[in-house]
Amino acid sequence: MRIGIGNTVPERVSLPGQSGGGVVIPDEFIFEVNAVIGNIIDLTTRNNGAAADFIINWGEGADETVNAATASHTYASSGTKVVKINKAGTNTPVNDFNVLATNEGRSIVTKISNWGATEWYSLGSAFENCVNLTTLGTGTFKGSTGVDLTSCFEGCTSLISLDLSNWDITGGSTMNKFAFGCSSAQIVDFPSSNTPISGKWSNAFELVGSSLTDGCDFKLDSINFTGSTAVGSNNSLENMFKQVKIKPSSKFTNWVFDTSSNAQDDFLKDFFINSIVTGTNSTLDVSGWTTCNVLVFQSMFEGINSSLGNTNLTIDVTGLNVSSGRNFREMFKSCMASNITGLSGWSAPDPTVGGVNLYRFMQSTNYLKLTSTDNLSNAFMSTELGNIDGAFRS
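So, here is what we can say about the structure in this document. Note that the coordinates shown come from a computational prediction; the quantities given were computed from them, not determined experimentally.

**Some details on unusual backbone geometry**
Positive phi values are uncommon outside glycine, yet Asn203 reaches one of about 55°. Here Asn203 shows up in the loop between β15 (187-189) and β16 (217-219). Residue classification places Asn203 among the buried positions, given a relative accessible area of 13%. Positive phi, normally seen in glycine, also occurs at Asn312, with a value near 60°. Here Asn312 shows up in the loop between β19 (283-285) and β20 (314-316). According to the relative accessible area criterion, Asn312 is partly exposed, its value standing at 31%.

The following block contains the structure:
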């Protein structure tokens, strides 16, 4: 379209942010690669599972229009390349993306700068094993209902921060192995808004911070699972912080659980198993879980600091609601904490449902000192006990 004798005016469809009479163009999804001549990068480029119709710039040359479920580029020059996806003129944006394992793509991605304005449908394995990815931008991210984030950053061993504070995943998410193996991550920060579960979050942060001397600072206060739709084993947090290294300033306090239905099966099984809390006289603060309504606490704190011995560690479980619990098997087995505070406030599990399992509950807690004012008191006295073999065995 032309007005008078001036320059060409873009069609309405090409004007970012315009509404009415055309498609609203999303902001660009931007990431960087460090390429050498001949490197090939292969991408999944779908929209809700089907081929997207979008415009991309690979960081060299002219923009390219792609209408396909995959896209590929061979670099003709070396250096840092800024890849921009969903540029102005895009018809159906990419919202289902990953860097494929073929060719050099996963080894040359170094930075994610901007997620764009598109609601993401799936980032399953998006940057899995991108071992040279160091930087995750702190901009806004919007997930669609039930966004799949499975293995999104799994194996990103050079990633130094997982700041998700500007992420919107209020529509629910699956985060199984989300950041598994991010051993160099110095910080994990979560949104303050609700983060309901629509699929498994198992092993989400396993091994995070494990290569750092001081560990990772987990800023996970007041995580809110209200509105979760998955039930039973489909919403498990099993192994969520397995073998992580935790900086003493970390907070896991005041988590809010969805009380509309009872979380079941292996929900908190092996939650912190074999993790490390760094420093001496440190506290692992898991207080304020007053709405916790899970059945399984098996091995939740098993093996914490078992590789270090006595560091005078305190675990604070003040306010942890265990009244729905049935399986406490090996909950603190081989945990090297010297103090566990808050045990005296534990309420008794429902006496109408018997068979509470305390098998090896605190076995081999070699440095633990329970006091007369802070112990299990009568927490299990009115409950029918099942297997209590070795509950307090040395």
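**Digging into the nonpolar core**
By size, the foremost hydrophobic cluster in this structure holds 101 residues, and its most contacted members are Phe97, Phe127, Phe153, Phe178, Trp255 and Trp346. When contributions to this core are tallied by element, the ones reaching two or more residues are β1 (29-35), β2 (40-47), β3 (50-57), β6 (79-85), β7 (96-99), β8 (109-114) and β11 (141-148). Element by element, the count of residues in this core is highest for β1, at four residues. Leave out the neighbours within four places in its chain, and Phe153 touches Ile112, Trp115, Phe127, Leu133, Leu136, Leu159, Leu162, Trp167, Phe178, Ala179, Phe180 and Cys182.

**So, the state of the cysteines**
As enumerated under the stated definition, the model contains zero disulfides in all. There is no disulfide at Cys130, and the cysteine sulfur nearest it, in Cys156, is 5.4 Å away. Given a relative accessible area of 0%, Cys130 falls into the buried group. The cysteine Cys216 is free of any disulfide, with Cys182 supplying the nearest cysteine sulfur at 9.5 Å.

**Regarding the environment of Leu133**
Among the structural elements, Leu133 can be located in the loop between β9 (119-122) and β10 (135-136). Note: C-alpha distance between Leu133 and Phe153 (20 residues apart in sequence) is 9.2 Å. Beyond its immediate chain neighbours, meaning those up to four positions away, Leu133 contacts Val109, Thr110, Lys111, Ile112, Phe127, Phe153, Cys156, Ser158 and Leu159.

**Quick notes on the sheet that holds strand β12 (residues 162-163)**
Two pairing modes exist for strands in a sheet, parallel and antiparallel, and in both the strands are linked by backbone hydrogen bonds. As summarised here, the arrangement of the three strands in space is β12-β15-β16, forming an open sheet in which the pairing is parallel. At either end of the open sheet lies a strand with only one pairing partner, and these are β12 and β16.

**Digging into the sheet that holds β19**
A sheet is described by the order of its strands in space; here three strands give the open sequence β19-β20-β21, paired in parallel fashion. The open sheet is flanked by β19 and β21 (339-341), the only strands paired with a single partner. Taking the axes of each pair of neighbouring strands and ignoring which way they run, one obtains an average angle of 15° across the sheet. Where β20 lies against β21, three bridges are found, and the strand directions are parallel. The residue of β21 that forms the bridge with Thr314 is Asn339.

**Some remarks on the pairing of β2**
On a regular strand, each side chain points to the face opposite its neighbour's, so the side chains alternate between the two faces of the sheet. In terms of residue burial, β2 counts as a mostly covered element, since six of its eight residues are buried. Pairing analysis gives five bridges linking β2 to strand β5 (residues 70-74), with the strands arranged antiparallel. Looking at the pairing, Asp42 lines up with Ser72 of β5. Strand direction decides the pairing type here: β2 and β3, joined by two bridges, are antiparallel.

**Side note on the environment of Ile246**
Looking at the element boundaries, Ile246 is found in strand β17 (residues 245-246). On the accessibility criterion, Ile246 (1% relative accessible area) is buried. For the pair Ile246 and Thr278, spaced 32 residues apart in sequence, the C-alpha separation works out to 6.2 Å. Beyond its immediate stretch of four places on either side in the chain, Ile246 contacts Asp214, Gly215, Cys216, Phe218, Phe252, Phe272, Ser275, Ile276, Val277, Thr278 and Leu284.

**Overview of the packing of aromatic side chains**
A full pass over the atoms with the stated rule returns 40 aromatic pairs. Ring centres of Phe190 and Phe205 lie 6.1 Å apart, and the angle between their planes is 70°; on these two criteria the pair is classed as edge-to-face. In this pair, Phe190 sits in the loop between β15 and β16 while Phe205 sits in the loop between β15 and β16, placing the two residues 15 residues apart along the sequence. The two residues Phe190 and Phe205 agree in class, both being buried. Summarising the aromatic geometry, the rings of Phe252 and Phe272 are spaced 5.1 Å apart at their centres and angled 85° between planes, so their arrangement reads as edge-to-face. In this pair, Phe252 is assigned in the loop between β17 and β18 (276-277) and Phe272 in the loop between β17 and β18, connecting sequence segments 20 residues apart. Judged by its relative accessible area of 0%, Phe252 is buried. The positively charged end of Lys177 is found above the aromatic ring belonging to Phe180, 5.2 Å away from the centroid.

**Considerations on the pattern of salt bridges**
Throughout the structure, instances matching the rule amount to eight salt bridges. A salt bridge links Asp63 to Lys87, with the shortest nitrogen-to-oxygen separation between them at 3.2 Å. You can see Asp63 sitting in the loop between β3 and β4 (64-68) and its partner Lys87 sitting in the loop between β6 and β7, a full 24 residues away along the chain. Residue class for Asp63 comes out partly exposed when judged on its relative accessible area of 44%. Where Glu330 meets Lys333, a salt bridge forms, and the shortest distance between an N and an O atom there is 3.7 Å.

Each value, and the rule that gives it
Residues numbered from 1 in each chain as written. Predicted model: local features only at pLDDT ≥ 70, side-chain atom pairs only at ≥ 80, totals over all residues. Heavy atoms only, no water. Helix = DSSP H or I, 4+ residues; strand = E, 2+ residues; numbered from the N terminus. Buried < 20%, exposed > 50% of the residue type's maximum accessible area, 1.4 Å probe, protein only. Core = buried A, V, L, I, M, F, W, Y, C linked by side-chain atoms within 4.5 Å. Contact = heavy atoms within 4.5 Å. Disulfide = S-S within 2.5 Å. Pairing = 2+ DSSP bridges. Axes fitted to C-alpha atoms, helices over the stretch in contact; angles between N-to-C directions. Phe/Tyr/Trp six-rings, centres within 6.5 Å; stacked < 30°, edge-to-face > 60°. Lys NZ or Arg CZ within 6 Å of the ring centre and 35° of its normal. Salt bridge = Lys/Arg side-chain N within 4 Å of Asp/Glu carboxyl O.

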